[in-house]
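# Structure at a glance
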Amino acid sequence: GAVVSQHPSWVICKSGTSVKIECRSLDFQATTMFWYRQFPKQSLMLMATSNEGSKATYEQGVEKDKFLINHASLTLSTLTVTSAHPEDSSFYICSARNPTSGDYNEQFFGPGTRLTVL
Amino acid sequence: GQNIDQPTEMTATEGAIVQINCTYQTSGFNGLFWYQQHAGEAPTFLSYNVLDGLEEKGRFSSFLSRSKGYSYLLLKELQMKDSASYLCAAVAGDYKLSFGAGTTVTVRA
């Protein structure tokens, strides 16, 4: 159990367009999901915490109007990169916390989405 | 605030042992994770320590000292497939993970 999927696995888009990335918990309900960004040869940086039924909490320096997060159900969170620019090209990874897991701190990671903005 | 430090790179020979150290300064510390990440892939869970001491899982062991803000990951009987980046991550009471920059381990034949 505790499988998290992401779609798409990779996407190439033109500068100025918007891209939506989906994160799904396949076999559990996730009240909290997290979105990370990872640039080449760097570590994961937390962008925001997505809470089902309420507004996302963004980390300092992350523009909430550029990175729109929606957590409409207990199994789906979406990240929309609006007006994407080449500097937004990165590896975006989501994770989900399973509140019923014996280890309540563990997060289960999706496979990641590689975004390339031309 | 969060501050996680770990070495950038380590190289070892197949069959050897390597120890990756991690120091942290984390507000509301609630545990320490180790993840393995291959290039272009998401991190995979290796271990989780919340209490002081050593946790052993096959070839991998992880140690935590909360009083010293210190952890290490021990990889024994290294195999070529163990070449990867190893991420130390501290979790706070709000379930947020703060990652270190990662240690790239290269295993040579």
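Residues numbered from 1 in each chain as written. Chains lettered and ligands numbered in written order. Predicted model: local features only at pLDDT ≥ 70, side-chain atom pairs only at ≥ 80, totals over all residues. Heavy atoms only, no water.

### Quick look at the interface of chain A and chain B
With 22 residues of chain A at the interface, the matching set in chain B holds 19 residues. Overall, the association of chain A and chain B removes approximately 1,600 Å² of surface from exposure, summing both partners, and the carbon and sulfur fraction of that is 56%. Of all residues in chain A, the largest losses of buried area upon contact with chain B belong to Ser43(A), Asn105(A) and Phe109(A), amounting jointly to 31% of the total for that side. The tally of links between chain A and chain B comes to 1 salt bridge. For Lys96(B), the salt bridge goes to Glu59(A), with nearest N and O atoms at 2.7 Å. At the junction of chain A and chain B, the tally comes to 4 residue pairs in polar contact (both at pLDDT 80 or more). Counting only elements with at least two residues in the side of chain A that touches chain B, the list comes to strand E4 (32-38), strand E5 (45-51), strand E9 (90-97) and strand E10 (107-109) of chain A. Among the residues forming the side of chain A that touches chain B, the class breakdown is 9 nonpolar, 8 polar and 5 charged. (Contact = heavy atoms within 4.5 Å. Buried area = accessible area lost by both parts, 1.4 Å probe. Salt bridge = Lys/Arg side-chain N within 4 Å of Asp/Glu carboxyl O. Polar contact = N/O pair within 3.5 Å; in protein donor to acceptor, adjacent residues only side chain to side chain. Helix = DSSP H or I, 4+ residues; strand = E, 2+ residues; numbered from the N terminus. Nonpolar A, V, L, I, M, F, W, Y, C, P; charged D, E, K, R; others polar.)

### Side note on the state of the cysteines
Residue and element names in this part refer to chain A. In the structure shown here, the tally under the stated rule is 2 disulfides over all chains. Between the sulfur atoms of Cys23 and its disulfide partner Cys94 the distance amounts to 2.0 Å. Here Cys23 and Cys94 share a disulfide; its torsion about the S-S bond, 80 degrees, makes the bridge right-handed. On the criterion of sequence distance, the pair formed by Cys23 in strand E3 (residues 19-25) and Cys94 in strand E9 is long-range, its members being 71 residues apart. (Disulfide = S-S within 2.5 Å.)

### Some words on the sheet that holds strand E7 (residues 67-73) of chain A
Residues and elements named next belong to chain A. With antiparallel pairing, 4 strands are arranged side by side in an open sheet as E1-E3-E8-E7. In this open sheet, the two edge strands, each paired with only one partner strand, are strand E1 (4-7) and E7. Going from strand to strand, the sheet's axes swing by 15 degrees on average, the running direction of each strand aside. (Pairing = 2+ DSSP bridges. Axes fitted to C-alpha atoms, helices over the stretch in contact; angles between N-to-C directions.)

### Some points on the confidence of the model for chain B
Chain-level statistics for chain B give a pLDDT mean of 93 and a share of 99% at 70 or above. By mean pLDDT, strand E1 (residues 2-5) of chain B is the weakest element of chain B at 87, and strand E8 (residues 70-75) of chain B is the strongest at 98. (pLDDT = per-residue confidence, 0-100.)

### Here's the deal with a nonpolar patch on the surface
All names here are of chain A. On the surface, a nonpolar cluster with roughly 390 Å² of combined accessible area is contributed by Trp10, Ile12 and Leu118. Here Leu118 lies in the segment after strand E11 (113-117). What makes Leu118 exposed here is its relative accessible area of 63%. (Patch = residues over 30% accessible without salt bridge, like charges linked within 9 Å, V, L, I, M, F, W, Y side chains within 5 Å. Areas by Shrake-Rupley, 256 points an atom, 1.4 Å probe, with all protein chains shown as cover. Buried < 20%, exposed > 50% of the residue type's maximum accessible area, 1.4 Å probe, protein only.)

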